[in-house]
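Structural overview
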Amino acid sequence: MKFFADLGNGGTLTIENVDVQTVIAMTTQSAGQQQSQQMSLALGKWSASPTLYKLPGYLILQIDTQRGQAFVRLQSHGISMLTEMPSLMNAQMIPLRNMPIATAPTIPDMEPMKPMEPMKPMEPLRMGDMEMRMEPMEMRMGNMHLRMESSTSSSTPSSAHFCSQCGTQVQESDRFCSNCGHNLKN
Ligand SMILES: [Zn+2]
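Read on for a plain summary of the structure. Computed from a predicted model, the values in this text were never measured in an experiment.

Looking at the overall build of the chain
A count of helices and strands for the chain gives zero helices and 15 strands. Intrachain contacts of the chain at a sequence separation of at least 6 include 36% that bridge at least 24 residues.

Written out as C-alpha cells, the structure is:
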C-alpha cells in the first residue's frame, strides 16, 4: 500500500507499507530549495489506511498496524515518532491519495548555487556578447535569455532527448524541434 499527500507549497508526502516497515518520505520546498527526508519505521503491517492531520507547525501521521496505533510527527526539519497519542483537537485532516501527486510546475531540482567551477569549454561558449551553453542550460546576455532545466529529471533520466541545434528538450517521437524547427531525424 502506498499513499500520497499534497502538503501545499510544493511539498509532498509519500507513505508506503513494505512488509512491516512504514516508509515515510517527505519533500518540502522553501525559498526555492527542495528538502527531502525519509524515514523507515518497523511498525508492523498496516491494518487500516493511515491518516494525516495538520496542526499548526507540523503534521501528525496516524498509522494503524497489527501491533497497534502509532503516531509520527512530521516537521520540515525532522520526522519523529511520538510515544503517546497527541491531541488532535484542532487538527485538520489532509486527504491521502493512492495516486502520485502531479507536481508538474515545480522548480527544477537544483543544487544550491555553487561558485562557478572551472569547466571544459563546450561549444558554443563566446565571451564577446556573452553566450554560454551547457545543454540544457542556456544563457545569453544579448537580449537577456536564460534558460535552465533540470538535467537530473528523476522520473525519466535515460529517455531525455535534446535538440542538437538549440538544446531544447524534445520528445524521442518528435520529428522537429519545437523551438527552432531543426529536423531531429537527420
Ligand atoms: Zn532546436
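There is more to say after this.
Some remarks on the nonpolar core
Ile15, Ile24, Leu59, Leu61, Val72 and Leu74 are the most contacted members of the largest nonpolar core, which totals 14 residues. Among the secondary structure elements, those contributing two or more residues to this core are strand 1 (2–8), strand 2 (11–18), strand 3 (21–30), strand 6 (58–65) and strand 7 (68–75). With four residues, strand 6 is the single largest residue contributor to this core. With sequence-adjacent residues up to four places away left out, Leu74 is seen in contact with Met26, Tyr58, Leu59, Leu61 and Ile79.

Examining the sheet that holds strand 7
Across the sheet, which stays open at both edges, the five strands sit in the order 8-7-6-5-9 with antiparallel pairing between neighbours. Taken across any chain shown, the strands that pair with only one partner, and hence form the sheet edges, are strand 8 (78–82) and strand 9 (92–94). Taken over all neighbouring pairs, the strand axes of this sheet differ in orientation by 30 degrees on average, direction set aside. Two elements, strand 5 (residues 51–55) and strand 9, share three bridges in a ladder whose sense is antiparallel. Following the sheet pairing, Tyr53 is matched in strand 9 by Met93.

Focus on the sheet that holds strand 2
The four strands lie next to each other as 1-2-3-4, forming an open sheet whose pairing is antiparallel. One side of each edge strand has no neighbouring strand; the edge strands of this open sheet are strand 1 and strand 4 (33–42). The sheet shows a mean angle of 15 degrees between the axes of neighbouring strands, direction not considered. In the sheet, strand 2 pairs with strand 3 via seven bridges, with the strands oriented antiparallel. The partner of Thr14 across the bridge, within strand 3, is Ala25.

Observations concerning the environment of Gly44
Mapping Gly44 onto the fold places it in the loop between strand 4 and strand 5. A sequence separation of 24 residues divides Gly44 from Gly68, and the C-alpha atoms of the two residues are 8.5 Å apart. Apart from residues no more than four positions distant in its own chain, Gly44 is found in contact with Val20, Thr65, Gln66 and Arg67.

Re unusual backbone geometry
Non-glycine residue Asn9 carries a positive phi angle of around 55 degrees. Mapped onto the elements, Asn9 comes out in the loop between strand 1 and strand 2. Residue classification places Asn9 among the exposed positions, given that 8 C-beta atoms sit within 10 Å. Residues other than glycine seldom take positive phi values, yet Asp19 does so here, at roughly 55 degrees. On the secondary structure map, Asp19 appears in the loop between strand 2 and strand 3.

Here's the deal with the environment of Phe3
Examined against the element boundaries, Phe3 turns out to sit in strand 1. A sequence separation of 48 residues divides Phe3 from Thr51, and the C-alpha atoms of the two residues are 9.9 Å apart. Once residues lying within four places of it in the same chain are set aside, the contact partners of Phe3 are Ile15, Ser49, Pro50, Leu96, Arg97 and Asn98.

Some details on the environment of Met81
Considering the arrangement of structural elements, one finds Met81 in strand 8. Looking at Met81, the number of C-beta atoms within 10 Å reads 13, which means it is partly exposed. Separated by 10 residues in sequence, Met81 and Phe71 have C-alpha atoms that sit 6.2 Å apart. If we ignore the near neighbours within four places in the chain, the residues touching Met81 are Leu41, Ala70 and Val72.

Conventions and cut-offs
Residues numbered from 1 in each chain as written. Predicted model: local features only at pLDDT ≥ 70, side-chain atom pairs only at ≥ 80, totals over all residues. Helix = DSSP H or I, 4+ residues; strand = E, 2+ residues; numbered from the N terminus. Contact = placed C-beta atoms within 7 Å. Core = buried A, V, L, I, M, F, W, Y, C linked by C-beta atoms within 7 Å. Buried ≥ 20, exposed ≤ 12 C-beta atoms within 10 Å, placed from the backbone. Pairing = 2+ DSSP bridges. Axes fitted to C-alpha atoms, helices over the stretch in contact; angles between N-to-C directions.

Structural measurements only, silent on function.
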